[in-house]
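# Structural overview
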Amino acid sequence: IALKATNGGAVRIHLNKLDSVGVLYWDDVSVTGPVSLNPGYEGGSLAYWNKANNPELITASAAQKFAGVYAMRIDPGPSTYAWTDIDGLEAGVAYVLEVWMKGTSTEDRGQVTLHDTLGGNSVQTTDLGRAEMEWLRIRMNYTANSTGKVRVHLGRTGGSGAIFWDELSLTR
């Protein structure tokens, strides 16, 4: 069953028996799949994101988006990035982070970094650029450690135009 969470990230599941004949048992009900990492985008807010190095250059923007209504926009500035922490991960379990990036000029560069919130267990992309300025799908593997957390950094590392980030998900 495909479910879509509300802007607050909540899903309500009703388990019903529609007729009065027989017995119906529900057992081990769980919700799995992508965990949204952009809870504020579609509402036009980046309240769940921390901003570093020129925070005024990081906004929610409807100008360019891969899907939905908003994406994160990082305007030109030296090494500007945003980060958020995701907890509740299971130690030793492999996760896949997926995110879409687009630049607005041929020399724009972005970077994704994942770590355990203490600086360890780090995975990082090289500078990502798109000469044709189309959306680039980025997939990264991350195995959670004993912190049960991942810190996601989305950054702009160079170029003369804005970088857009959209549609983040973390899948087990």
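### So, unusual backbone geometry
A positive phi angle, close to 45°, is found at Ser79, a residue other than glycine. We classify Ser79 as partly exposed; its relative accessible area is 44%. We note that Thr117 has phi near 80°; this positive angle belongs to a residue other than glycine. Positionally, Thr117 belongs in the loop between β7 (109–115) and β8 (123–124).

### Looking at the nonpolar core
Among the nonpolar cores identified, the biggest contains 29 residues, and Trp49, Met72, Val112, Ile138, Leu154 and Trp165 are the most heavily contacted of them. Elements supplying a minimum of two residues to this core: β4 (71–74), β5 (80–87), β6 (94–103), β7, β10 (136–143), β11 (149–158) and β12 (163–171).

### Notes on the pattern of salt bridges
Evaluated as defined, the whole model comprises five salt bridges. Ionic pairing is found between Glu98 and Arg137, a salt bridge with its closest N-O pair at 2.9 Å. Taken as a pair, Glu98 in strand β6 and Arg137 in strand β10 lie far apart in primary sequence, 39 residues in all. For Glu98, the salt bridge is made with Arg139, and the minimal N-O distance between the two is 3.0 Å. Of this pair, Glu98 sits in strand β6 while Arg139 sits in strand β10, placing them 41 residues apart in sequence. Given a relative accessible area of 16%, Glu98 falls into the buried group. Shared partners join several salt bridges into a network, and the residues in it are Glu98, Arg137 and Arg139.

What counts, and at which threshold
- Residues take numbers from 1 onward in each chain, read along the sequence in its written order.
- Two thresholds apply to this predicted model, a pLDDT of at least 70 for residue-level local features and 80 or more for giving and counting side-chain atom pairs, whereas whole-chain, interface and lining totals are computed over all residues.
- Processing note: side-chain calculations cover all non-hydrogen atoms of the structure and skip hydrogens and water entirely.
- For each residue, the accessible area found with a 1.4 Å probe, counting protein chains only, is set against the maximum for its type, and the residue is called buried under 20%, exposed over 50%, and partly exposed in between.
- Per the convention used, a helix needs a DSSP run of H or I reaching at least four residues, while a strand needs a run of E reaching at least two, with both numbered from the N terminus.
- We call a set of buried residues a nonpolar core when its members are Ala, Val, Leu, Ile, Met, Phe, Trp, Tyr or Cys and they connect through side-chain atoms within 4.5 Å of each other.
- By convention in these notes, a salt bridge is any Lys or Arg side-chain nitrogen within 4 Å of a carboxyl oxygen on Asp or Glu.

The values reported here are purely geometric and, on their own, carry no functional implication.
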